[in-house]
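# Coordinates in review
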Amino acid sequence: MPLTESLGHNIFQIPLVDLKTIYRSTGYIIKEEKTILVETGAAPSNSVIQASLEELNIQLGQIDYIAVTHIHLDHAGGAGLLMEQCPNATLLVHQRGAKHMADPEKLIAGARQVYGDLFDQLFNPILPVSEERIKVMEDGDTLDLGNNRVLTFLDTPGHAFHHFVIDDPVSKGIFSGDNAGMFFRQLYDDQGISFCLPVTAPTQFVPEIMEKTTDRLINLHPEKIYFTHYGMAENGVALLQQAKKLVCFFGNDCAKHYQKERSFEKLFVFIKERLYSELAALGVKGDIPEKETLDNDIMLNIQGVIAYVEKLERG
Ligand SMILES: [Zn+2]
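A few points on the structure.

About the thresholds
- Residues numbered from 1 in each chain as written.
- Predicted model: local features only at pLDDT ≥ 70, side-chain atom pairs only at ≥ 80, totals over all residues.
- Axes fitted to C-alpha atoms, helices over the stretch in contact; angles between N-to-C directions.
- Helix = DSSP H or I, 4+ residues; strand = E, 2+ residues; numbered from the N terminus.
- Parallel < 35°, antiparallel > 145°, perpendicular 65-115°, else oblique.
- Left-handed = near helix turned anticlockwise from the far one by under 90°.
- Contact = placed C-beta atoms within 7 Å.
- Buried ≥ 20, exposed ≤ 12 C-beta atoms within 10 Å, placed from the backbone.
- Core = buried A, V, L, I, M, F, W, Y, C linked by C-beta atoms within 7 Å.

## Notes on the packing of helix α9 (residues 236–261) against helix α10 (residues 264–282)
Running from N to C, α9 and α10 point in directions that differ by 150°, and their axes come no closer than 10 Å. Relative to α10, the element α9 lies roughly antiparallel. Every pair of crossing elements has a handedness; the one defined by α9 and α10 is right-handed. In this structure, α9 contributes Phe-249, Cys-254, His-257, Tyr-258 and Glu-261 to the contact, and α10 contributes Lys-266, Leu-267, Phe-270, Ile-271 and Arg-274.

Written as structure tokens, this is what we have:
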């Protein structure tokens, strides 16, 4: 089975490795006169990226740009290693993330704290990128790939303060990083049902900001969303509207629930009930595929809700 998949409009999907699992995250190549890779995943994705490029007949020296939507390690942890192998590439990153790409010490320390002994297996190595090879992309900045294809970078806080989304008018699609949530690809493949869950993970989740960003993305009227987790989805606007509804749910209902009940377990049940009824309304039949993923995502989202509530209470 080939690793890569052509999505049309000279866009190719390549699998990344996340938490030792392939096909949980996606990188995207756009190939015009210039070639760009969007998202690198963590360093363990490196060999699969190389194999994918080989499959596409692209040499490492032909990569002109590597863009990371934000610097969370599952998106950008392997950027330093890949930049060493791609001698002609420039790294495109949000202004607030650039310094951490040049000096990843804090990223490494943070991940070591969270993942302990697993750090090496999941993330090593996280290498610095020399400053002169980093280009900061501000809101509205464009990138000309040649052949009349110009990408626009949009400053889109919500999931994180250092996040951008890339708009591609040629395919009428957006590369959403974590800003449109996680797309449940298996559910789509099995039952043809499109569902995405906002990622309200700690520590920078602010519901109002995420809602505003989602509105901004809706106003682009994207037909396609290229999710990092994972794969391309059609009906971009409908998915974003669904995501927006759930952002309100997590930011209002779940926050209130936690303020009243103070229980992780009860909030988990509350969220699960809502999402399962949401999925039933979409027509999901039988057991929900990727149930375990959904449970894990709910747990991560709860941590973000709790962090948000605690921030509110601290004032
Ligand atoms: Zn993230």
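## A word on helix α4 (residues 95–102)
The complete set of buried residues in α4 reads Gly-97, Ala-98, His-100 and Met-101. For α4, the elements touching its buried residues are α2 (73–76), α3 (79–85), β6 (90–94), α5 (105–115) and β7 (134–137).

## Considerations on the nonpolar core
Grouped together as the largest cluster of nonpolar side chains are 80 residues, with contacts concentrated most on Ile-66, Ala-79, Leu-91, Ile-166 and Cys-196. In this structure Ala-79 touches Thr-40, Ile-66, Val-68, Leu-91, Met-101 and Val-129, once residues within four positions along its chain are discounted.

## Remarks on unusual backbone geometry
At the junction of Asn-124 and Pro-125, the peptide bond is cis and its omega measures out at -5° in the coordinates. By the element assignment, Pro-125 lies in the loop between α6 (119–123) and β7. With an omega of 5°, the peptide bond running from Pro-202 to Thr-203 counts as cis. Locating Thr-203 in the fold gives a position in the loop between β13 (196–197) and α8 (207–218). Of note in this structure, Glu-39 is not a glycine but carries a positive phi near 75°. You can see Glu-39 is positioned in the loop between β4 (35–38) and α1 (46–55). Accessibility expressed as a C-beta count within 10 Å gives 27 for Glu-39, which makes it buried. Phi at Lys-172 is positive, roughly 55°, even though this residue is not glycine. If you trace the backbone, Lys-172 turns up in the loop between β10 (164–168) and β11 (173–177).

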